[in-house]
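Below are the chains, spelled out letter by letter.
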Amino acid sequence: MTFDHTRWQARFDELRAAHRVPGATLAVFTDGELHELASGVLHRGTGVAATTDSVFQLGSVSKVHTATLVMQLAEAGKLDLDAPVRDVLPDFAVADPEVTKTVTPRQLLTHTSGISGDFTLDTGRNDDCLARYVDACHEVGQDVAPGAAISYSSTGYNILGRIIEVLTGQTWDEALRDRLLTPLGMTSSVTLPEDVLRFRAAMGHDGEEPMPAWTLIPRSGGPYGGTLCSTAADVVRLARMHLDAGTAPDGTRVLDASTVAEMQRHAVDVPDRWTVSSDGWGLGWTLYDWDGVTGYGHDGAATGQYSYLRVFPHAGAIAVLLANGGHSRHLYADLLGELLGELAGARMPASFAPAEQPPTVDFAQYHGTYRREGVELTVSSKEGKPHLRYAFVGGMAHFAPPMELDLVPVSDTVFAAPGLGAFAGDWMPIVFSTLPDGTLCLYSGMRAAPRA
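Everything quoted here is computed from the prediction, not taken from an experiment.

S.K.: What should I look at first to understand the overall build of the protein chain in this one?
M.R.: Looking only at helices and strands, one finds eleven helices and 20 strands in the protein chain. Computed over its C-alpha atoms, the radius of gyration of the protein chain comes to 21 Å, within 12% of the 22 Å expected for a compact globule of 452 residues. By its C-alpha atoms, the protein chain is 55 × 55 × 45 Å across when sized along the principal axes. Per-residue burial over the protein chain gives 57% buried out of 452 residues. Intrachain contacts of the protein chain at a sequence separation of at least 6 include 61% that bridge at least 24 residues. Carbon and sulfur atoms form 49% of the exposed surface of the protein chain, whose accessible area is close to 17,300 Å². Computed over 33 positive and 54 negative side-chain charges, the inter-centroid distance for the protein chain is 2 Å.

S.K.: Quick question: what am I supposed to make of the sheet that holds strand S14 (residues 385-392) here?
M.R.: The strands that make up a sheet pair up through hydrogen bonds in the backbone, lying either parallel or antiparallel. Pairing in this open sheet of four strands is antiparallel, and the strands run S12-S13-S14-S15 from one edge to the other. The open sheet terminates on both sides in strands that have one partner only, identified here as strand S12 (368-372) and strand S15 (403-406). Each strand axis lies, on average, 20 degrees off the axis of its neighbour in the sheet, ignoring direction.

S.K.: Looking at this model, I keep getting lost on the side chain of glutamine 107. Mind explaining?
M.R.: Tracing the sequence through the fold places glutamine 107 in helix H4 (residues 105-109). If near-sequence neighbours (up to four positions away) are discounted, glutamine 107 is found in contact with Thr102, Thr112, Ser113, Pro146 and Gly147.

S.K.: What exactly am I supposed to notice about the state of the cysteines here?
M.R.: Two cysteines form a disulfide when their sulfur atoms are joined by a covalent bond. Tallying each qualifying case throughout the model produces zero disulfides. You can see cysteine 129 has no disulfide; the closest cysteine sulfur is in cysteine 137, sitting 13 Å from it.

S.K.: Help me understand the pairing of strand S20 (residues 447-450) in this model?
M.R.: Along any regular strand the residues' side chains alternate between the sheet's two faces. Burial of the side chains of S20 extends over both faces: Arg447 and Ala449 are buried on one face and Ala448 and Pro450 on the other. Strand direction decides the pairing type here: strand S19 (residues 440-444) and S20, joined by four bridges, are antiparallel. The residue bridging serine 444 from the neighbouring strand is arginine 447, located in S20. Hairpin connection of S19 to S20: two residues between the antiparallel strands, including glycine 445 at a positive phi of 60 degrees.

S.K.: I tried to follow the packing of aromatic side chains on my own but got confused; where do I start?
M.R.: Inspection of the entire model under this criterion finds 15 aromatic pairs. A ring pair is formed by tyrosine 152 and tryptophan 281, whose centres lie 6.1 Å apart and whose planes are at 70 degrees; its orientation type is edge-to-face. Of the two residues, tyrosine 152 sits in the loop between helix H5 (129-135) and helix H6 (154-168) while tryptophan 281 sits in strand S7 (residues 280-281), which places them 129 residues apart along the sequence. Comparing tyrosine 152 with tryptophan 281, the two get one shared label, buried. Judged by centre distance (5.8 Å) and plane angle (85 degrees), the ring pair of phenylalanine 415 and phenylalanine 432 falls under edge-to-face.

S.K.: When you look at the environment of glycine 304 in this model, what are you seeing that I'm missing?
M.R.: Examined against the element boundaries, glycine 304 turns out to sit in the loop between strand S9 (293-301) and strand S10 (306-312). A relative accessible area of 6% places glycine 304 in the buried class. Glycine 304 sits 89 residues away from threonine 215 along the chain, and the two C-alpha atoms are 8.6 Å apart.

Conventions adopted
- Residues numbered from 1 in each chain as written.
- Predicted model: local features only at pLDDT ≥ 70, side-chain atom pairs only at ≥ 80, totals over all residues.
- Heavy atoms only, no water.
- Helix = DSSP H or I, 4+ residues; strand = E, 2+ residues; numbered from the N terminus.
- Rg over C-alpha atoms; globule rule 2.2 N^0.38 Å.
- Buried < 20%, exposed > 50% of the residue type's maximum accessible area, 1.4 Å probe, protein only.
- Contact = heavy atoms within 4.5 Å.
- Areas by Shrake-Rupley, 256 points an atom, 1.4 Å probe, with all protein chains shown as cover.
- Lys, Arg positive; Asp, Glu negative; His and termini not counted.
- Charge placed at Lys NZ, Arg CZ, Asp CG, Glu CD.
- Pairing = 2+ DSSP bridges.
- Axes fitted to C-alpha atoms, helices over the stretch in contact; angles between N-to-C directions.
- Disulfide = S-S within 2.5 Å.
- Phe/Tyr/Trp six-rings, centres within 6.5 Å; stacked < 30°, edge-to-face > 60°.

Below is the structure:
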């Protein structure tokens, strides 16, 4: 189907304004052609217009870039995905001695390492920042045991970034540039703020107000999604290489076709199917099943900026939306839902929300305290209604005061809490799941917290 640029630009403008998103860019690949659109402003304070060559912070979409670099090293025989991380990083350690000895790159790629995922540490701007970050991981605890279940771990992707550095002899930034960005012609993708200054750059917004800082994530967060800035079109260029079985448009081979297929293969089930619209996970990719139409992609959130990447191979369709605040999740749902429905016949699942008449659930079975690194979740009933107290503890205690959330049943194991921020939408899922050893755990934000 021919892409009607004028019609989609009008719809983009309409939906962006309706959802009060300051600015956004959209890149679409269909029928072998790339189409770029922009709407709104990059910064409400300055009024600078968003353009198709504007760069946005990608957040966790950068994990796909890191995973691609890891898989290049694996297919070259430099990395065994199933050997211990310590084979490459002899001094690597986390708080659990057994995990230190046994955790593998494959578990890091699939978020099944169990290593607590939100460890952030500013180790400076020098080229050793990632080495120093990984050295500090010796204090990082576990959410669950390795291989027990998926638990989203940005920490794991930083460890992968350090593996890339050791095996290439380059910084993560240099390896990304030389081994991925340059071969794919991604000339508008950069990782350092001094390079971002060469471009029209988006400013994140808290709702409609500009954030107090352009970024709150240190350079050491690069591999998990803290520093990479790109245009929507450049993200399409990366996704197109995967769509084209590992080759760039000029015929340059970036990955073997078998490696591309392995990355897209289902590796682990996901109890929380709503936070990032996931139906499973591959090696770096989030996997989707939209009413029988399968695809892959990734979501990202940075400092008031949000990114959405979707690929539907059967239709040869790719869509990338980058936004800088407001109700970005609603813009994604409406715009990409319509767009990919038309271009790929893919019917986006309905937004997560409870039914008007919620089911009756025996909630007492879930009462208790659930803990993961830096977070304590207390489940109880208040005035006969399910309730959750969400508190940051330990080294994360300063992040925010405890939140008291009433829960609404969606099913016997799934509950809806009021959405927190633009990334969550109106409601966010609270999911209870049982680990293989019988331990009950609570999923929030795709992170697993076992009951104490």
